[in-house]
Structures are given as structure tokens and as C-alpha cells.
Amino acid sequence: MGWSMRHYLMDSGLQEVDRQIVADAFDVVLVNLTLRTLLSMSVEEGDGDLFHLRPELDMGQIQAQAVLNLQQVVDHILAAIPPGLPVFFVSLLEPPPQVAGVLGRNRQVSLYRMVRGLNDALEDHLAASPRGYYLEINDIRQYYGDASVYDGYLSHYTHNGLSPLSVQGEWIARDILERLEGAMRVLRAEDPVKLIITDLDNTLWRGVLAEEDEIVPWQHTEGWPLGYAEALLECKRRGILLAICSKNEEGPTRERFQQLWGQRLRLEDFCSVQINWQPKSQNIAQILRTTNILPDHALFIDDHPLEIEEVRRAFSRMRFLTGAPERWRHVLLYAPETQVARVSEESAHRTNSIQAKAVRELAAQSMDRDAWLQSLDLTLRFDRIVDAGHSRYARALELLNRTNQFNTTGQRWSDAELQDWLASGGWLLAARAEDRFTNHGLVALALLRDHGIEQVVLSCRVFSLGIESALLVEALRQMQESGHADFVGYFTATGRNDACRDFWPAHGFTQDAGSSLWRGSVVPDAPTWIRSEGG
């Protein structure tokens, strides 16, 4: 695959970890724990191979001890590897479920149950780690066939290895690396999908419902449509927005949607619903305006190639999915572009936030702007983040790497790079927003060091509310308190960040001729309609 790799062989106990692992030399660390060592640490007299045949031993007690030992070993390894370097732990290979015989209690009191429990504990423990990740490989091994690759059929299960003597073994090794590569793309937030726009007829259900005399729901949703709907809801859980674009009569189509899906999938799950006879490119333009999302980060799914082509002509950088609908579920669930490293608190509110934005804009039509802004009851709460241990660090990194339109430099950060920057004296000033319509979560971020505001980002969901101004005022105040009287900021045009082109001059900063540097010395007035807390 063209990867440059180095292999370190060590015991999976609590011995010293090889210190040759240097952050600058690697992108990622992949750890394969030794099951035999973990079990030997957990069983009397170090018998980690045949203990299950000693009836006097309590398997439940051994399982509990093994979990504690596993957690200790994981923490020991993470502590020894340089901060910021992502560390993936490969799942333990789970032995055949029939170890106790066809009639034995294989799922409840067995080696199979024990190793599955260790994998559960490994995944749970890593979920609480800011840089440790669980990498499942049992499904890859099972896909290619256990009998040809898993040496637990020929040797003993505690060896926990894959046979290198079969072509399937090579395929598995390749797929593990490809999965790792995809995981790294997710961590780096490379080309994320932020919005999925779906057609309805022959897309979210089988057939054209308007042509049916009688609708029998299961006939239209059974099979791939149900799997497709499941994938859409999972993407929504991850924080991806959903929208509908369909050529139909709106009223009857809404009724048929409810009749077909009931409470399994609701129109409220979609942040924008465009059902009419206009060209789909026009409706999608409206969806993009509502969500403030660039076409580059939108995916349009439609069964009809002509509709795909009509939209493609209008939005050449948009992504599209058509063809066999049976593969849509797999693409949506497993493509790196639709995955996130962590599902943040903000993910659950993203659809509500866009719907609240539409309500806000509707309310703005009936009053002047100043009165409208005052009516929002907008509150900001500030967090100072100085290391990866902060509870909002993961969301801050996500916002930093997923924001394009209001991003003063467009710089992307790996976890390691951001942690190194924090360790060098920088800090993050994060703003959480709430108004009378909804809780938006963490929506704005400034990267501060000494007297410099090195980068400012703002979520497109809260444009035009003055949040970026309140964030800047708080940042400058904090730097003043640290003894700085003059400030510098930076702007680099990326072709996609015109929304913040005037950010520095609008707040009294002046540009050094021919450079990306802006200078200021006066703290501007904070927006009067925003109440600020914390800092």
C-alpha cells in the first residue's frame, strides 16, 4: 500500500514501552494486544492457556480481573506514547462460539463469552480516551472465512493469531490497514458530508405512491428502503443534516409519508422539506441557503439519472449517489466522509438548530433588525480549553476542521498538531450559544497565543447573530488581562471563506501591506443583544 511502517515487539503487560515512538515520525500507532499475556496476569499461577479446564476457578472473577488488567495495560501504553499521536487498539480475535460443544453453554459460561467481554470493555474504556480508539477486525476475519485464517481452529485460542500462510490472511491484513486509513480520514475530517438530500419516489420507498390506488406500507418499505432509512437516521445521529427534495404534490405527499413510515421516520427528522414541481436544482439551492452549507459538503441521492445530471450542472462540486439502491445503506454507514470521530452533544441538536434558524428568520420578517436581535435572548457561555482533557476539546477540534465559510485561515489541524500547539502556550476560547428557540452548543472558536488571534471559526448555523464579535471581544479582554495592549490576527483567502473576509477591518484592525497579518489595539464594543457568561 506504499505505507512507511515500523514494527515494535513488546510484552502486553506493564513493562516499559519502547520510547522510540516519536510523534514527529508517525501519523498513527496501531496496537495489537496479546491475549495470552492479559489472561496470564489474571489467573492464579499465571496459567493463561488452560485455566478454563480447572473447575475450581471462578470464571466470573477471572473475567473481572482481566478487565481491570486490560484497562491498566491500555492506560500504560497511552501514557508512554507522545501526546497527540492517535493510538488504535485492534480488537482481540474472538474464539469460535462452539468451544464447549454443540450442546454446551457457549454464550454464557465460555471462552467465547470472556473474550467478547474483553472487547466490550476495551471499546468502553477507549471511548472515554481523548486519543485512544478501538479498531474492530473480527468482522473482516469472518468475511473472508474463519476456517482458512484463524489459527484457533488448529492451535490454541490464546495464541489469538491470523495465519499468514493463506491468501485470505493477506487480504485481512490489507483490509485492516484500509480500515485504519479510513479511520485517519475521519479523524482529519477530510471532505466530510454535512448534508444529505434525498428524493422520495423509488428512493425512500419503492414505486411512485401517487400512482397507487391503495398503499400497503410494507410493500413499499420492506428490504432496501428500510435499510436506507436506517442509514439516514444513523447519519442524523452523527450530526449530518437531512433534507428532502421531491417532485410531487406537497400536501398528499406529506400524508403518504406519514402513512408509510409512521413514527419510524418522520418529516421532523429533516431540516428542510422541498416538495413541489420546480426543478430540483432550484429546491436544492433553497436547501443550501437554509442550512448555509456549501455544495462541496452536500450529498444528493436520487434514483433518476436525469435528475442527478440536472442538479450536477447547477452544482458541479456536489456529491451524488444513484444506481442500485441496495448499496446505499452500506455507503452511508461506512464511507469515511459520513463518519465522525466522536458523536458530540451538538450532533443531537443540529437539526433542531437549523429548524430554529428558519423560525428565527421568519420572525425577523415581522420586525426591524435591532428589535429582532433583542428578542432572541441570545446567551453565550465561554470555555477556556488548554489541553485535550477538557470535556469540550473533541467538539472544538471537530468544529475547527469542519468549518469552511467562516474560517479566517482555513487551516486544518490533526489532534497531535493541536495538542502540540496547546502545549506551546496556546489556548482555545470556545463559545456555546443558546437563544429562546434552541440550544446551539459550541458554535464558535478562537485560537489564542500571546497577543495573537491565530484563527477564528464560526458555525454556519449561527451566521448574522454577532457571535463572532462577542467572541473577539472576550478574546481581546482575556489577552489584555494577560498584559497585552496590541493584538494581531490573520486572514488567508481559501476560495470558500468569503463570509469572514471583512472580519478584521469591521472590528478596527488594519492590514500590514501585502501580508495576511492584521493589527489592532482597541477592544470593540460587545453586541448589546448578547449576554455573555464565563470566560
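For every chain, the first residue of the written sequence is number 1, and numbering continues from 1 along that sequence. Thresholds applied to this predicted model are a pLDDT of at least 70 for local features of residues and 80 or more for the giving and counting of side-chain atom pairs; totals over whole chains, interfaces and linings are not thresholded and use all residues. Side-chain metrics in this entry use all non-hydrogen atoms of the structure; hydrogen atoms and water are not considered.

### Points about the pattern of salt bridges
Argument step 1. What makes a salt bridge here is a side-chain nitrogen of Lys or Arg within 4 Å of a carboxyl oxygen of Asp or Glu, nothing more. Considering all chains together, one arrives at 29 salt bridges under this definition.
Argument step 2. With its nearest N and O atoms 2.9 Å apart, the salt bridge here joins D146 to R141. Residues D146 and R141 agree in their burial class; the two are buried.
Argument step 3. Through salt bridges with shared partners, a single ionic network connects D27, R185, R188, E190 and E337. For each residue, the accessible area found with a 1.4 Å probe, counting protein chains only, is set against the maximum for its type, and the residue is called buried under 20%, exposed over 50%, and partly exposed in between.

### Structural notes on the layout of surface pockets
Argument step 1. Cavities and pockets were defined on a 1 Å grid built over protein atoms only: a cavity is a set of grid points that admits a 1.4 Å probe from which the probe cannot escape, a pocket is an open set flanked by protein on both sides within 12 Å along at least five of seven lines, and lining residues are those with an atom within 4 Å of any such point. Grid points are joined across faces, edges and corners, and a volume is the space filled by probe spheres set on the points. Considering only enclosed or pocket space, the largest pocket measures out at about 1,600 Å³ in volume.
Argument step 2. The set of elements that each furnish at least two residues to the lining of the largest pocket consists of β1 (29–31) and α6 (167–187).
Argument step 3. Runs of E in the DSSP output that reach at least two residues are strands. Runs of H or I that reach at least four are helices, and both are numbered from the N terminus. Among the elements that take part in the lining of the largest pocket, α6 stands out by supplying 10 residues, more than any other.
Argument step 4. The residue makeup of the lining of the largest pocket, split by class, is 27 nonpolar, 12 polar and 10 charged.
Argument step 5. Space inside the second largest pocket adds up to approximately 1,300 Å³.
Argument step 6. As for the second largest pocket, its lining consists of 29 residues, and the residues nearest its centre are L135, E136, R179, Y334 and Q339.
Argument step 7. Among the elements that take part in the lining of the second largest pocket, α6 stands out by supplying 7 residues, more than any other.
Argument step 8. Nonpolar residues are Ala, Val, Leu, Ile, Met, Phe, Trp, Tyr, Cys and Pro. Charged residues are Asp, Glu, Lys and Arg, and all others, Gly as well, are polar. Its residues assigned to classes, the lining of the second largest pocket comprises 17 nonpolar, 4 polar and 8 charged.

### Considerations on the side chain of K280
Argument step 1. Mapped onto the elements of the fold, K280 is located in helix α10 (residues 280–291).
Argument step 2. The contact criterion used is simple: two residues touch if any of their non-hydrogen atoms lie within 4.5 Å. Apart from residues no more than four positions distant in its own chain, K280 is found in contact with D199, C245, S246, K247, F300, D302, E307, E310 and V311.

### Side note on the nonpolar core
Argument step 1. In these notes, a set of buried Ala, Val, Leu, Ile, Met, Phe, Trp, Tyr and Cys residues joined through side-chain atoms within 4.5 Å is what counts as a nonpolar core. Among the nonpolar cores identified, the biggest contains 59 residues, and L195, I284, M318, I453, I467 and W504 are the most heavily contacted of them.
Argument step 2. Per-element tally for this core: the top contributor is helix α17 (residues 467–481), with 8 residues.
Argument step 3. Setting aside residues no more than four positions away along its own chain, I284 makes contact with I197, C245, F300, V311, F315 and M318.
Argument step 4. Among the nonpolar cores identified, the runner-up in size contains 52 residues, and F26, V43, L118 and A121 belong to it.

Geometric descriptors of this kind do not, in isolation, establish any biological role.
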